[in-house]
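The primary structure of each chain is shown beneath.
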Amino acid sequence: MKLLIPGIALTTACAALPLLTARNDLLNLGVQIFLAVLLAQSWNLLGGYAGQINLGHAAFFGVGALVTRTLWIAGVPLVFSLSAGALMATAFGCLIGLPAFRLRGAYFAIGTLGLAEILRITVGNLLPQISTIRAAELASYSILPRYYLTLALAVLCVALIALLVPSRVGLAIRAVREDEAAAEASGVSAVRHKVCALAISTAFAGLAGGAYAFYHVSYYPQHTFSPVWTFDAVLMSFVGGVGTVHGPVLGALFYVVLKEVLAIRWVEFHLIIFGVLFIAVVLFLPGGLVEGWNRVRGVIVRRH
């Protein structure tokens, strides 16, 4: 609850931004940040709270993008297209999740990465052509609907997970992360709660993919299945603070803004810089920016 007021203030400021400026570059940056929040928060539920390190998250993002784009271009209203994309991502996640959950630790991570790569290669072979929107949509293209859509989805994702975490289901999911055997002995179904976390995680990943497909004028379908989307989500979650509600939000904001700055000034080296940053966070600040802020605040409180 202590983050409720800052969250409302931040949401209000973001919603008011288009009323204060007509700069499309700032609105485009906002869309990228909101998509990053949605993607990181969706990964964090399964990877941070449930303790299942999923390296195939891009598969669900890609399924959501592919289904949403296909239906929307065919003339299906956007709301139904996004919903169908989220449902297909969830169905695919549950389909591969049940057998994948038989694996533990690094084997689960490698297994999900392998499945995602199989899907990426398959889509690349079946749909090698570029995906473009129709001329009518191109003529009326505006960044404002994309901005408010991604903002609404990001707020919805953060709010739902904030409500889920302290609930009985959220406590059970975290119990499974801490000690699966002990959770089972206490009457908590590990498989059921891991599938629950997977379903919510993949649904929001599908929504992120669908919003991405609505945002871009053209792209290759194979691109949305790239492992880059998974590793970006992992990096943002860990940099911000994995296993926390506000960590992925901070991580996404930090990552997108810094990426824009580095990509302009050090195009060849920005990926190396992010790799070093990730290693440094894992080694010296495992709680991410959230832990760093808590340390600084503790020092300030002790001095006063």
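Criteria and cut-off values
- Residues numbered from 1 in each chain as written.
- Predicted model: local features only at pLDDT ≥ 70, side-chain atom pairs only at ≥ 80, totals over all residues.
- Heavy atoms only, no water.
- Helix = DSSP H or I, 4+ residues; strand = E, 2+ residues; numbered from the N terminus.
- Rg over C-alpha atoms; globule rule 2.2 N^0.38 Å.
- Buried < 20%, exposed > 50% of the residue type's maximum accessible area, 1.4 Å probe, protein only.
- Areas by Shrake-Rupley, 256 points an atom, 1.4 Å probe, with all protein chains shown as cover.
- Lys, Arg positive; Asp, Glu negative; His and termini not counted.
- Charge placed at Lys NZ, Arg CZ, Asp CG, Glu CD.
- Core = buried A, V, L, I, M, F, W, Y, C linked by side-chain atoms within 4.5 Å.
- Contact = heavy atoms within 4.5 Å.
- Patch = residues over 30% accessible without salt bridge, like charges linked within 9 Å, V, L, I, M, F, W, Y side chains within 5 Å.
- Salt bridge = Lys/Arg side-chain N within 4 Å of Asp/Glu carboxyl O.
- Axes fitted to C-alpha atoms, helices over the stretch in contact; angles between N-to-C directions.
- Parallel < 35°, antiparallel > 145°, perpendicular 65-115°, else oblique.
- Left-handed = near helix turned anticlockwise from the far one by under 90°.
- Nonpolar A, V, L, I, M, F, W, Y, C, P; charged D, E, K, R; others polar.
- Phe/Tyr/Trp six-rings, centres within 6.5 Å; stacked < 30°, edge-to-face > 60°.
- Lys NZ or Arg CZ within 6 Å of the ring centre and 35° of its normal.
- Expected span 1.5 Å × (residues − 1).

The next point concerns the overall build of the protein. Within the protein, the regular secondary structure consists of 14 helices and two strands. Relative to the compact-globule value of 19 Å for 304 residues, the protein shows a C-alpha radius of gyration of 19 Å, a close match. By its C-alpha atoms, the protein is 55 × 50 × 40 Å across when sized along the principal axes. In the protein, which comprises 304 residues, the proportion classed as buried is 44%. Element-wise, carbon and sulfur atoms account for 73% of the exposed surface of the protein, whose accessible area totals about 15,300 Å². Between the mean site of the 19 positive side-chain charges and the mean site of the 11 negative ones, the protein shows a separation of 6 Å.

Phe-34, Leu-45, Tyr-49 and Tyr-147 are the most contacted members of the largest nonpolar core, which has 62 residues in total. By residue number, the principal contributor to this core is helix 2 (residues 24-49), which donates 14 residues. Filtering out sequence-adjacent residues up to four positions away, Phe-34 remains in contact with Cys-14, Tyr-147, Thr-150, Leu-151 and Ala-154. Among the nonpolar cores identified, the runner-up in size contains eleven residues, and Ala-59, Ile-96, Leu-119 and Ala-205 belong to it.

Right, let's get into a nonpolar patch on the surface. A cluster of nonpolar side chains, namely Trp-266, Phe-269, Ile-272, Ile-273 and Val-276, defines an oily patch on the protein surface of about 500 Å² accessible area. Structurally, Val-276 can be placed in helix 13 (residues 270-284).

Okay, the packing of helix 4 (residues 78-100) against helix 10 (residues 190-215) next. Axis separation between helix 4 and helix 10 bottoms out at 7 Å; the angle between their running directions is 140 degrees. Compared by their axis directions, helix 4 and helix 10 come out oblique. In the packing of helix 4 onto helix 10, the handedness of the crossing is right-handed. Touching Leu-78, Leu-82, Gly-85, Ala-86, Ala-89, Thr-90, Gly-93, Cys-94, Gly-97 and Leu-98 of helix 4 are Val-191, Val-195, Leu-198, Ala-199, Thr-202, Ala-203, Gly-206, Leu-207, Gly-210, Ala-211 and Phe-214, all from helix 10. When the residues that make up the contact of helix 4 with helix 10 are grouped by side-chain class, the tally is 14 nonpolar, seven polar and no charged.

Attention now moves to the packing of helix 3 (residues 57-73) against helix 10. The N-to-C vectors of helix 3 and helix 10 enclose an angle of 50 degrees; their axes lie 7 Å apart at closest approach. Taken together, the axes of helix 3 and helix 10 are oblique relative to one another. Helix 10 is crossed by helix 3, and the crossing has right-handed handedness. Along its contact with helix 3, which presents His-57, Phe-60, Phe-61, Gly-64, Ala-65, Thr-68, Arg-69 and Trp-72, the element helix 10 presents Ser-201, Thr-202, Ala-205, Gly-206, Ala-208, Gly-209, Gly-210, Tyr-212, Ala-213 and Phe-214. Residues that form the contact of helix 3 with helix 10 fall into these classes: nine nonpolar, eight polar and one charged.

Another aspect to go through is the environment of Val-31. Inspection of the secondary structure puts Val-31 in helix 2. For Val-31, a relative accessible area of 0% gives the class buried. Between the alpha carbons of Val-31 and Leu-149 there is a distance of 8.7 Å; along the sequence they are 118 residues apart. Apart from the residues within four sequence positions on either side, Val-31 is in contact with Ile-143, Arg-146, Tyr-147, Thr-150 and Tyr-215.

With that settled, the discussion passes to the pattern of salt bridges. Under the counting rule described, the total for this entry stands at four salt bridges. Salt-bridge contacts for Glu-117 lead to Arg-120; the nearest nitrogen and oxygen are separated by 2.9 Å. Remark: Arg-120 and Glu-117 occur in helix 5 (residues 106-126); sequence separation between them is three residues, near one turn of the helix. On the accessibility criterion, Glu-117 (22% relative accessible area) is partly exposed.

Tallied over the full model, the rule gives ten aromatic pairs. Relative to Tyr-148, the ring of Tyr-147 has its centre 5.5 Å away and its plane inclined at 90 degrees; by these criteria the two rings are edge-to-face. Here the guanidinium or amino end of Arg-146 rests over the ring plane of Phe-214, the centre of that ring lying 3.9 Å away.

Turning next to helix 4. In a regular helix each residue adds 1.5 Å, so 23 residues correspond to 33 Å; helix 4 covers 32 Å between its end C-alpha atoms and thus fits that length. Among all positions of helix 4, only Ser-81, Leu-82, Gly-85, Ala-86, Ala-89, Thr-90, Gly-93, Ile-96, Gly-97 and Ala-100 are buried. Check the buried side of helix 4 and you find it contacts helix 3, helix 5, helix 7 (143-164) and helix 10.

With respect to the helices, strands and loops of the structure, Ala-139 is situated in helix 6 (residues 135-139). Residues Ala-139 and Cys-94 lie 45 residues apart in sequence; the distance between their C-alpha atoms is 39 Å.

In this section: the side chain of Asp-232. Structurally, the position occupied by Asp-232 is in helix 11 (residues 227-240). Despite its burial, Asp-232 pairs with no opposite charge; the closest candidate is Lys-259, at 4.2 Å N-O. Every residue in contact with Asp-232, bar those within four places of it in the chain, is listed here: Tyr-255 and Lys-259.

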